[in-house]
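Structure at a glance
Below are the chains, spelled out letter by letter.
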Amino acid sequence: MTTPYEGDPDARVQSLLREMTVDEKLSLLAGKSLFRTKGIPRLALAPMKLSDGPRGVGFHSSLRRCTAFPTGIALGASWDPELAREFGEALALEARAVGAQVILGPAVNICRTPLNGRTFEYFTEDPELNSRLAVEVIRGIQSTGVAACVKHYAANNQETNRYRNSSQVSARALREIYLPAFEAAVREADVWSVMAAYNAVNGVAACEHKPLLHDILRQEYGFSGFVVSDWFAVRRTGSGASCLRAGLNLEMPGRGSSYRHSRLKREFAAGAFSEAELDGSLRQLLRIWLRTSPEAGHPAGRRNTPEHQQLARRMAAAGITLLRNKGGLLPLDLAGVTRLAVVGPRADKRICRPLYGGSAGVWSPYEITPLQGLRELVGDKCEIVSDPGTADAAIVFIGLGHRIGGDSEGGDRKSMQLPPEQDALVRKTVAQNANTIVVLVSGSPLEMPWADEVPAIVMAWYPGMEGGRAIADVLLGRVNPGGKLPITFPRTLADSPAHSEPRRFPGDSREVWYDEDIFVGYRHFDRYGIEPLFPFGHGLSYTTFTYGALAIQNSSWKPDDVLRLSLQLTNSGERDGSEVVQLYVGARAPSLPRPERELRAFRKVFLRAGESRTLEFDLTARALAYYCPESLRWRIDEGDYIVSIGASSRDLRLQATVSYG
Ligand code: BGC
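Quick caveat: nothing in here was measured; it's all calculated off a predicted structure.

Procedures and definitions
- Residues numbered from 1 in each chain as written.
- Predicted model: local features only at pLDDT ≥ 70, side-chain atom pairs only at ≥ 80, totals over all residues.
- Heavy atoms only, no water.
- 1 Å grid on protein atoms, 1.4 Å probe; cavity = no way out; pocket = protein on both sides within 12 Å on 5 of 7 lines; lining within 4 Å.
- Points joined across faces, edges and corners; volume = space filled by probe spheres on them.
- Helix = DSSP H or I, 4+ residues; strand = E, 2+ residues; numbered from the N terminus.
- Core = buried A, V, L, I, M, F, W, Y, C linked by side-chain atoms within 4.5 Å.
- Buried < 20%, exposed > 50% of the residue type's maximum accessible area, 1.4 Å probe, protein only.
- Contact = heavy atoms within 4.5 Å.
- Expected span 1.5 Å × (residues − 1).
- Pairing = 2+ DSSP bridges.
- Right-handed = clockwise from strand over helix to strand, strands pointing away.
- Axes fitted to C-alpha atoms, helices over the stretch in contact; angles between N-to-C directions.
- Parallel < 35°, antiparallel > 145°, perpendicular 65-115°, else oblique.
- Left-handed = near helix turned anticlockwise from the far one by under 90°.
- Nonpolar A, V, L, I, M, F, W, Y, C, P; charged D, E, K, R; others polar.

Some words on the layout of surface pockets
Reported here for the largest pocket is a volume of approximately 1400 Å³. Around the largest pocket, the lining is made up of 48 residues, and of these Pro-81, Glu-128, Arg-132, Ala-601 and Phe-602 lie nearest the centre. Looking at the lining of the largest pocket, the elements that each hand over two or more residues are α5 (81-97), α6 (127-142), α7 (171-178), α8 (180-187), α13 (306-319), β23 (577-587), β24 (598-607) and β25 (612-619). Among the elements that make up the lining of the largest pocket, the one with the highest residue count is β24 (8 residues). Of the volumes computed, that of the second largest pocket is approximately 260 Å³. As for the second largest pocket, its lining consists of 18 residues, of which Lys-484, Gly-539, Leu-540, Ala-647 and Arg-653 are closest to the centre.

Observations regarding the nonpolar core
Judged by nonpolar contacts, the single largest core of 119 residues is most densely connected at Leu-45, Tyr-153, Tyr-178, Val-191, Leu-217, Trp-231 and Leu-286. Setting aside its immediate chain neighbours within four residues, Leu-45 contacts Pro-4, Tyr-5, Leu-16, Leu-28, Gly-39, Ile-40, Leu-286, Trp-289 and Leu-290.

Notes on α13
The terminal C-alpha atoms of α13, which comprises 14 residues, lie 20 Å apart, in line with the 20 Å expected from a rise of 1.5 Å per residue. Across the 14 residues that make up α13, a large majority, 10, are buried. Buried residues of α13: His-308, Gln-309, Leu-311, Ala-312, Arg-313, Met-315, Ala-316, Ala-317, Ala-318 and Gly-319, and no others. Those residues of α13 hidden inside the fold are in contact with α4 (72-78), α5, β12 (321-325), β17 (456-459), α16 (467-475) and β24.

Some thoughts on the environment of Asn-165
Mapped onto the elements of the fold, Asn-165 is located in the loop between β5 (147-153) and β6 (166-168). By relative accessible area, which is 2% here, Asn-165 ends up buried. For the pair Asn-165 and Glu-511, spaced 346 residues apart in sequence, the C-alpha separation works out to 5.1 Å.

A look at the pairing of strand β16 (residues 436-440)
The element β16 is extensively covered by neighbouring structure, given that 5 of its 5 residues are classed as buried. As paired elements, strand β15 (residues 393-398) and β16 share 5 bridges and run parallel to each other. Looking at β16, one finds that Ile-398 is bridged to Leu-440. Since β15 and β16 lie parallel, the crossover through helix α15 (residues 420-432) that links them has a hand, and here it is right-handed. By the bridge criterion, 4 bridges tie β16 to β17 in an arrangement that is parallel. Residue pairing for β17: Val-438 is matched across the bridge by Ile-457.

Quick look at the packing of α13 against α16
Where α13 contacts α16, the axes come no closer than 8 Å and their chain directions differ by 45°. Classified by the interaxial angle, the pair formed by α13 and α16 is oblique. Between α13 and α16 lies a crossing whose hand is right-handed. Contacts between α13 and α16 involve Arg-313, Ala-316 and Ala-317 on the former and, on the latter, Gly-467, Arg-469, Ala-470, Asp-473 and Val-474. Counted by class, the contact of α13 with α16 contains 4 nonpolar, 1 polar and 3 charged residues.

Re the sheet that holds strand β11 (residues 251-254)
Either a parallel or an antiparallel arrangement is found when strands of a sheet pair, and the pairing is made through backbone hydrogen bonds. Ordered by their spatial adjacency, 3 strands build an open sheet running β2-β1-β11, and the pairing between neighbours is mixed. Each end of this open sheet is capped by a strand with a single partner; those strands are β2 (36-37) and β11. Where strand β1 (residues 30-33) meets β2, 2 bridges bridge the pair, whose relative direction is antiparallel. Across the sheet, residue Ser-33 finds its bridge partner in β2, namely Arg-36.

Spelled out as structure tokens, the structure:
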């Protein structure tokens, strides 16, 4: 007998469907247990196994130790799509090693509020950065034959009331801010699955949202894979038939609500949906199921390999963001530092543990804490002590951690503040030692009332199990930091666009209003001229970069043209290092309110000290488009546009005006 895994995939699905009874078909729409679907032994169809994995194979889906990579926001801070691709490949090999064929990631919800408990899992507040990283993570994962599952579709931007609330959001904000990464995942990376979110969107549960799942995802973007519900999200939907028609292919985890077997049988018997509709949905599901199955002859995976550990270390270092470095205190020069004080609750804290932070928790085989990483690197060249008063320099490790109410799934933060004792510790340390460095091991924006009093501040994010080594590499100058903030750090919460009124956040238990519309993150700070604590795109280096003059091929731009811009970037300092060159575009006289500037392209470039390189950016007219709220179409106004290029959204070095039309 041929198994369902041999021969042409569409033909195999077709023949499976021919042989299945209606009962068997209905049984495939809901899972069997937490991370497994049912199979059909009679037809040799093995169950499909899924695994959590925005930052490593999830503990609760594998019960095994796997490489804990840095979390999403750290990858966001790396601004490095190539690294994202390597990460995707490694992640998929780890998943394969535990028998999983679908990875529940990448997680690409926009960081709308600094308080979202899951900010640490997501990449950024910006749709362009989000899209570029998502596409490469997905390509990496799927290049190994494992399916990526981009999540959580859509407008899932807070944990408060997550099972009950509805995100009240305009079509324009959806198109311009919240959907682009999903669109890119489908159009550019051909993602094989999508997870429908817990929340409703404008009153309709995401799991039965036909305009989102069918009209936009399938019809418009061309999605051909399967949609799975977030875990237990289907509890809030109406009927099996409405979910099926909307485009939900699989309800997870087991037993089922709308897709409970007995319920589906009743609905089917009553004619609520047809066998043809059922087949259509199963076809989308089974195509990926068969293609990714371990039975299909994919090579075995690998987990916890030295290569993955090295990658985890490189990723951690690439995300570390140097926020402040007054007087060039960093990197520490051990020639002048013989006693180094290391203090603070995060200095020796292990955080790569089962379920720490929620579903993104990874149980790692080991974890190098910052203290261990420093000890390893300084060896006997420097004594590590705990009293800042007697040391040449002091490092304070602070941050939130993964308890609920901190950086964790299942709840949002109550404020943007650190625990008061941590603020007090920073002040006490700097009073004892002027050479104080604050390292934040944390996953979201924080208030730093002491920011001007401390010479050096480093954002290390949640850097994964090799994080301690990466932190030591950066602090001691083995690695020159190149991370840039993927999210604005406001001075106070009230400055943030989602926090001017309670209906915007957290909303009541039914609705949260996205009244700021498209003005999310830096788009809001620029519009109202608010000075953030640290702007979007900010991150310092131990070297300096000089931006040479901007050359534009033609300053008048016709609809089908590609606009080529080029500039010369020089590493004008003494150390090798990387720069993220950011290109923003803004309309001079827009026909409706638009952001001052929006990130439309970026390039991460590594240059040796003294080296120069010419960078080219090719822009299509899509860089000028906005989603017209009246015609519900993308439009481009004729007129002048300002292209700005620089080292952050507030450190723009080059500017040019181009006219379009
Ligand atoms: C999360 C998803 C996760 C799923 C399975 C849910 O609580 O929202 O991101 O993939 O659980 O663990």
